[in-house]
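# Residue-level structural notes
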Amino acid sequence: MRADNQILIDSKAFALRIINLYRFLKDEKQVYVLSKQVLRSGTSIGANVRESVNAQSRMDFVNKLNIALKEANETEYWLELLHESGMLDDNQFGSIYDDCNKIVATLTKIIKTTKGSDK
């Protein structure tokens, strides 16, 4: 991984937080279905960002980042459900949700910038 690529760094760090959240939900709260959903979508963000590094074209790059963005939006949904159902308290929710929002904003900016440079 390139040390200067912030979205790679952020999405991997987020995936590690999601893995820890999954363990907490599964072991402490006995939440199995929702924990697997947030694990799948939350770790998929970084995997798609990583795939974009070796994209075959600018269009392929944008497509892979769009998939990452969709996964990030899905992850926000699962986090909201976990919070609103009482599985995550305000502190647990706030920090990880903020990280997800940051990733969404970064991905959106990269996609818009890349699309804009095609003109």
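### Section: the environment of Val-38
Relative to the helices and strands, Val-38 is located in helix H2 (residues 33–53). Residue Val-38 is classed as buried on the basis of its relative accessible area, which comes to 0%. Each residue touching Val-38, except ones within four places of it in the same chain, is listed here: Ile-18, Leu-21, Leu-25, Thr-43, Thr-75, Trp-78, Leu-79 and Leu-82.

### Quick notes on the packing of H2 against helix H3 (residues 58–84)
Contact geometry of H2 with H3 gives a least axis separation of 8 Å together with a crossing angle of 160°. The pairing of H2 with H3 is recorded here as roughly antiparallel in orientation. Helix-helix and strand crossings are classified by hand; for H2 and H3 the assignment is left-handed. Where H2 abuts H3, its residues Leu-34, Gln-37, Val-38, Arg-40, Ser-41, Gly-42, Ser-44, Ile-45, Asn-48, Val-49, Glu-51 and Ser-52 lie against Phe-61, Lys-64, Leu-65, Ile-67, Ala-68, Glu-71, Ala-72, Glu-74, Thr-75, Trp-78, Leu-79 and Leu-82. Residues belonging to the contact of H2 with H3 are distributed by class as follows: twelve nonpolar, seven polar and five charged.

Rules used in this analysis
- Residues numbered from 1 in each chain as written.
- Predicted model: local features only at pLDDT ≥ 70, side-chain atom pairs only at ≥ 80, totals over all residues.
- Heavy atoms only, no water.
- Helix = DSSP H or I, 4+ residues; strand = E, 2+ residues; numbered from the N terminus.
- Buried < 20%, exposed > 50% of the residue type's maximum accessible area, 1.4 Å probe, protein only.
- Contact = heavy atoms within 4.5 Å.
- Axes fitted to C-alpha atoms, helices over the stretch in contact; angles between N-to-C directions.
- Parallel < 35°, antiparallel > 145°, perpendicular 65-115°, else oblique.
- Left-handed = near helix turned anticlockwise from the far one by under 90°.
- Nonpolar A, V, L, I, M, F, W, Y, C, P; charged D, E, K, R; others polar.

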